[in-house]
Amino acid sequence: MKRQLFFLLLFTMISTAFTKTQPGKSCLSAGLTNLGKEFGYGRMISPTTMLLAEGTISYVTASEESTFGDTTTDGPQMDTFEMAIYPEFRFYALPKAKATPYFGLYGILGIGSSSSDEPTSGEVSSTVTNMSSFSIGIGASFGVEFFFNDFVSIAANARVAQFYTKTEKAETDNGYNTMEDVHKATSLQVQLQPALFVRIYF
């Protein structure tokens with residue numbers, strides 16, 4: 001048992017002693033700290049630079065129904081879709097090290113939509129609300145990527161600053177009148193948003 005552990009440790013040390021960035025290779029990544037909700041694709045264009053795009057996507061639908069005696073009443077129903085993409089240019093400071101720090105500049109592109117149908121009483125059967133959103137911006141990140149070998153790495157990444165603008169448009173129809181509401185917001189955030197990624201090179 002001790003001999004097996006020794007050879008396993010020796011193999012790990014040899015496989016990581018000569019690891020470095022992987023110029024010319026592509027990679028797939030998945031977030032570990034957010035249970036894989038964020039994923040991405042990247043390509044090393046030189047020993048010190050990478051182009052990559054990471055993103056999130058989600059779709060949620062919810063409905064309610066209540067029964068009292070022989071009467072069944074439908075509750076509100078809602079559908080929500082959100083997608084965000086972060087294209088990034090990343091620079092590695094120590095490309096020949098197995099643990100190499102990096103920093104990057106990334107963009108933000110997000111879209112979203114939602115619809116809700118809420119039953120009402122009286123002559124109006126329901127109130128329907130449709131909403132859409134669009135956001136765009138830029139940001140900065142830094143982190144450290146540890147290469148186990150030529151194929152697998154783990155990166156501790158942090159987005160530290162981002163500037164973006166977001167526009168939300170909502171339209172409500174209650175059967176008699178239609179109301180439209182547009183909300184615009186601009187935000188500058190300087191905060192630490194840490195995450196852990198596993199990256200597979202091929």
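Up top is the structure.
*Asks:* Describe the overall build of the protein chain, and please don't skip the residues or the numbers.
*Replies:* From N to C terminus, the protein chain includes one helix and eight strands. For the protein chain, the α and β elements follow one another from N to C terminus as α-β-β-β-β-β-β-β-β. A buried classification covers 28% of the 202 residues belonging to the protein chain. Taking all contacts inside the protein chain whose residues are at least 6 apart in sequence as the whole, residues at least 24 apart take part in 60%. Carbon and sulfur atoms make up 65% of the accessible area of the protein chain, which totals about 12900 Å².

*Asks:* Lay out the pairing of strand S7 (residues 152-173) in plain terms, naming residues and giving numbers.
*Replies:* Note: strand S6 (residues 126-147) against S7, 20 bridges, orientation antiparallel. Across the sheet, Ile-138 pairs through a bridge with Phe-163, a residue of S7. Direction of pairing for S7 relative to strand S8 (residues 178-201): antiparallel, over a ladder of 21 bridges. Bridging across to S8, Lys-169 finds its partner in Val-182.

*Asks:* Help me get a handle on the side chain of Ser-141, residues and values and all.
*Replies:* Note that Ser-141 resides in strand S6. Within the local environment of Ser-141, its side chain forms a polar contact with the side chain of Glu-88, the two groups lying 2.8 Å apart.

*Asks:* Pulling in residues and values, what's your account of the pattern of salt bridges?
*Replies:* Evaluated as defined, the whole model comprises seven salt bridges. Across the pair Glu-54 and Arg-159 runs a salt bridge, and its minimum N-O distance is 3.4 Å. Here Arg-159 lies in strand S7 and Glu-54 lies in strand S3 (residues 49-68), a separation of 105 residues in the sequence. For Glu-54, a relative accessible area of 2% gives the class buried. The partner of Arg-199 in a salt bridge is Glu-145, with the nearest N and O atoms 3.6 Å apart. Here Arg-199, found in strand S8, pairs with Glu-145, found in strand S6; they are 54 residues apart in sequence, far enough to count as distant. Residues joined in a network through salt bridges with shared partners are Glu-38, Glu-54, Glu-145, Arg-159 and Arg-199.

*Asks:* Describe the pairing of strand S1 (residues 26-31), and please don't skip the residues or the numbers.
*Replies:* Inspection of the sheet shows S1 paired to strand S2 (residues 38-44) by five bridges, in the antiparallel sense. Considered in S2, the bridge of Ala-30 is made with Phe-39.

*Asks:* Hey, could you go over the packing of aromatic side chains for me, with residue numbers and the actual values?
*Replies:* Each aromatic ring pair is described using two quantities: the centre-to-centre distance and the angle formed by the ring planes. Applying the stated rule across the entire model yields five aromatic pairs. A centroid spacing of 5.5 Å and a plane angle of 50 degrees characterise the contact between Phe-91 and Phe-103, whose relative ring orientation is tilted. One end of the pair, Phe-91, is in strand S4 (residues 71-92); the other, Phe-103, is in strand S5 (residues 99-119), and 12 residues separate them in sequence. Between Arg-159 and the ring centre of Tyr-86, over which it is positioned, the NZ or CZ distance is 4.1 Å.

*Asks:* Give me the lowdown on the environment of Ser-114, citing residues and values where you can.
*Replies:* Structurally, the position occupied by Ser-114 is in strand S5. Residues Ser-114 and Asp-79, 35 residues apart in the sequence, show an inter-C-alpha distance of 5.5 Å. Each residue touching Ser-114, except ones within four places of it in the same chain, is listed here: Asp-79, Thr-80, Thr-129, Asn-130 and Met-131.

*Asks:* An account of the environment of Thr-167 is needed here, citing residue identities and associated values.
*Replies:* Within the element layout of this structure, Thr-167 appears in strand S7. Put simply, Thr-167 and His-183 are 16 residues apart on the chain and 5.8 Å apart in space, counted from C-alpha to C-alpha. Apart from the residues within four sequence positions on either side, Thr-167 is in contact with Ser-132, Ser-133, Phe-134, Val-182, His-183 and Lys-184.

Rules and cut-offs
- Residues numbered from 1 in each chain as written.
- Predicted model: local features only at pLDDT ≥ 70, side-chain atom pairs only at ≥ 80, totals over all residues.
- Heavy atoms only, no water.
- Helix = DSSP H or I, 4+ residues; strand = E, 2+ residues; numbered from the N terminus.
- Buried < 20%, exposed > 50% of the residue type's maximum accessible area, 1.4 Å probe, protein only.
- Contact = heavy atoms within 4.5 Å.
- Areas by Shrake-Rupley, 256 points an atom, 1.4 Å probe, with all protein chains shown as cover.
- Pairing = 2+ DSSP bridges.
- Polar contact = N/O pair within 3.5 Å; in protein donor to acceptor, adjacent residues only side chain to side chain.
- Salt bridge = Lys/Arg side-chain N within 4 Å of Asp/Glu carboxyl O.
- Phe/Tyr/Trp six-rings, centres within 6.5 Å; stacked < 30°, edge-to-face > 60°.
- Lys NZ or Arg CZ within 6 Å of the ring centre and 35° of its normal.

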